[in-house]
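# Structure assessment
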Amino acid sequence: YQAKSRGGGCHAFFDVGLRKRVQRHMDLEQDLRHAARLDQLWVAYQPVAELSTGRTVAVEGLLRWQHPVHGAVSPGEFIPVAEETDLINRIGAHMLRTATGQIGAERPGLDVVLNANLSPRQLDDPGLHALVQGTLTDSALPAGDLCLEVTEEAIMRDPTAAARVLNSLRELGISLAIDDFGTGYSSLAQLRRLPLDILKIDRSFITDLPESGELRVIVSSIITMAHAIGLAVVAEGVETAQQLDLLRDIGCDHAQGYYLSKPVPLDELLTSGLT
Ligand code: C2E
Ligand code: CA
Ligand code: CA
Ligand code: CA
């Protein structure tokens, strides 16, 4: 009986935790509906460097939410909340307009490609093509300097539909990247049929470099295979000089990570003297 009552206690405790999380989830969703209008959402930019020259050739725009009560809420928490409803389409549109506007306005001084993330639900949105076309028209960013990142997961949900959407986006003159590569179930053989330009190797493959011999072989073969199908490779989550050196040695094209720079506000990006 004792064990049973203790079990019951655990159960009640779990329920309180669960209820709290559900409540926070609902509160965040409610607040997120107004966040864009209230200027609580802003875009941080993380440089992507070309390994052969060390030059910053791109920046990835990453959404930030400064909540009036909770403070900084991470996109790892609020993007999934938005992704459950059509909210992601509104927030995604806001993000794209803000980032293309900001990076476009800095030309020609800041000559970088802007990378922006598309969520799975945005890929399904029939208004996506018009949105991207519209933001390009309204901003000074050339289409060739916009790169949209999609995850394997988003593509694999419906590869045929995804191929159609990606092809239509590509016709606008933008480039496309596969994000978090290695975390999903796609193979390079499947990706070969899609109009992709860039492959981003997920951070989980980079963390234990260069120590893990196994990972060295895996990352090196991903790079070789990606090049064979015409994709340039970005390593994500590079945190040390050793990782950077190894990646350069094994032919990786670009790197992004805290070792180079954390995501920073636009003014900081502009004063960082990008080379
Ligand atoms: P992601 O697209 O894979 O973005 C890279 C994440 O890795 C960012 O986290 C970045 O801050 C972090 N990161 C970069 N370098 C390092 C490093 O060296 N070490 C470590 N530990 N982390 C590093 P962040 O900004 O928290 O974003 C998390 C995820 O939220 C993104 O992952 C992306 O999936 C999503 N997200 C962010 N902004 C947007 C957006 O505008 N739209 C959509 N759909 N998703 C977004
Ligand atoms: Ca990304
Ligand atoms: Ca334009
Ligand atoms: Ca990623």
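Anything mentioned here points back to the structure above.
To start, this report covers the structure provided alongside it. (Residues numbered from 1 in each chain as written. Chains lettered and ligands numbered in written order. Predicted model: local features only at pLDDT ≥ 70, side-chain atom pairs only at ≥ 80, totals over all residues. Heavy atoms only, no water.)

Check the secondary structure of the chain and you find 11 helices and nine strands. Expected size for 275 residues packed as a compact globule is a radius of gyration near 19 Å; at 20 Å, the chain falls within 12% of this value. Principal axes of the C-alpha set define a box for the chain whose edges measure 65 × 50 × 40 Å. Relative to its 275 residues, the chain shows a buried fraction of 44%. In the chain, 67% of the contacts between residues at least 6 apart in sequence involve partners at least 24 apart. Of the accessible surface of the chain, which amounts to about 13,900 Å², a share of 54% is contributed by carbon and sulfur atoms. For the chain, the distance from the average site of its 24 positive side-chain charges to the average site of its 36 negative ones is 6 Å. (Helix = DSSP H or I, 4+ residues; strand = E, 2+ residues; numbered from the N terminus. Rg over C-alpha atoms; globule rule 2.2 N^0.38 Å. Buried < 20%, exposed > 50% of the residue type's maximum accessible area, 1.4 Å probe, protein only. Contact = heavy atoms within 4.5 Å. Areas by Shrake-Rupley, 256 points an atom, 1.4 Å probe, with all protein chains shown as cover. Lys, Arg positive; Asp, Glu negative; His and termini not counted. Charge placed at Lys NZ, Arg CZ, Asp CG, Glu CD.)

A full pass over the atoms with the stated rule returns one aromatic pair. Seen in terms of ring centroids, Trp65 and Phe78 are 5.6 Å apart; in terms of plane orientation they differ by 85 degrees. Their pairing is edge-to-face. Residue Trp65 is located in strand E2 (residues 56-67), and its partner Phe78 is located in helix H2 (residues 75-83); the two are separated by 13 residues in the primary sequence. Taken as a pair, Trp65 and Phe78 share a single burial class, namely buried. Between Lys262 and the ring centre of Tyr258, over which it is positioned, the NZ or CZ distance is 4.7 Å. (Phe/Tyr/Trp six-rings, centres within 6.5 Å; stacked < 30°, edge-to-face > 60°. Lys NZ or Arg CZ within 6 Å of the ring centre and 35° of its normal.)

We now examine the packing of helix H3 (residues 87-105) against helix H5 (residues 128-138). Where H3 meets H5, the closest approach of the two axes is 9 Å, and the angle between their N-to-C directions is 25 degrees. The pairing of H3 with H5 is recorded here as roughly parallel in orientation. As for the relative orientation of H3 and H5, their crossing is right-handed in sense. Residues Ala93, Leu96, Arg97 and Thr100 of H3 form the contact with H5, whose own contacting residues are Leu131, Val132, Gly134, Thr135 and Asp138. A class-by-class count of the residues in the contact of H3 with H5 yields four nonpolar, three polar and two charged. (Axes fitted to C-alpha atoms, helices over the stretch in contact; angles between N-to-C directions. Parallel < 35°, antiparallel > 145°, perpendicular 65-115°, else oblique. Left-handed = near helix turned anticlockwise from the far one by under 90°. Nonpolar A, V, L, I, M, F, W, Y, C, P; charged D, E, K, R; others polar.)

What follows is about empty space enclosed by the protein. Enumeration according to the criterion identifies one cavity of 30 Å³ or more in this entry. Counted as a void, the largest cavity has a volume near 50 Å³. In terms of lining, the largest cavity is formed by Pro120, Leu123, Asp124, Ala154, Arg157, Asp158, Ala161 and Ala162. Breaking the lining of the largest cavity down by element, the ones donating at least two residues are helix H4 (120-124), helix H6 (152-157) and helix H7 (159-170). The biggest single contributor to the lining of the largest cavity is H4, with three residues. Tallied by class, the residues present in the lining of the largest cavity amount to five nonpolar, no polar and three charged. (1 Å grid on protein atoms, 1.4 Å probe; cavity = no way out; pocket = protein on both sides within 12 Å on 5 of 7 lines; lining within 4 Å. Points joined across faces, edges and corners; volume = space filled by probe spheres on them.)

Here the focus is the site of ligand 1. Around ligand 1 sit 22 residues, and of these Leu63, Arg64, Asp179, Glu239 and Tyr258 come closest. One nitrogen or oxygen atom from the side chain of Gln46 is found 3.1 Å from a nitrogen atom belonging to ligand 1. Interatomic distance of 2.8 Å between a backbone N/O atom of Tyr258 and an oxygen atom of ligand 1. For ligand 1, whose free accessible area comes to 800 Å², the fraction covered by protein is 81%. A majority-of-atoms criterion places ligand 1 in the largest pocket. Put simply, the parts of the chain that give the shell around ligand 1 at least two residues each are E2, H2 and strand E6 (175-181). Split by residue class, the shell around ligand 1 holds nine nonpolar, six polar and seven charged. (Near = heavy atom within 4 Å. Polar contact = N/O pair within 3.5 Å; in protein donor to acceptor, adjacent residues only side chain to side chain. Sits in = over half its atoms within 2 Å of the grid points.)

Before going further, it helps to spend a moment on the coordination of the calcium ion (ligand 2). Under perfect tetrahedral coordination by four donors, a metal shows angles of 109.5 degrees; under perfect octahedral coordination by six donors, it shows angles of 90 or 180 degrees. Each protein donor to the calcium ion (ligand 2) is listed here as Glu60 (OE), Asn117 (OD1), Glu149 (OE) and Asp179 (OD); together their distances run 2.2 to 2.3 Å. All donors to the calcium ion (ligand 2) come from one chain, and their sequence spacing reads E-x56-N-x31-E-x29-D. Between the two metals, the calcium ion (ligand 2) and the calcium ion (ligand 4), the spacing is 3.9 Å, and Asp179 donates to both. With Glu60 in strand E2 and Asn117 in strand E4 (residues 113-117), the pair connects residues that are 57 residues apart, well separated along the chain. (Donors = N, O, S within 2.8 Å, 3.2 Å for Na, K, Ca; no water.)

So, on to the coordination of the calcium ion (ligand 3). Protein coordination of the calcium ion (ligand 3) is provided by Leu136 (O) and Ser139 (O), with donor distances spanning 2.2 to 2.4 Å. Each member of the pair, Leu136 as well as Ser139, carries the same accessibility label: buried.

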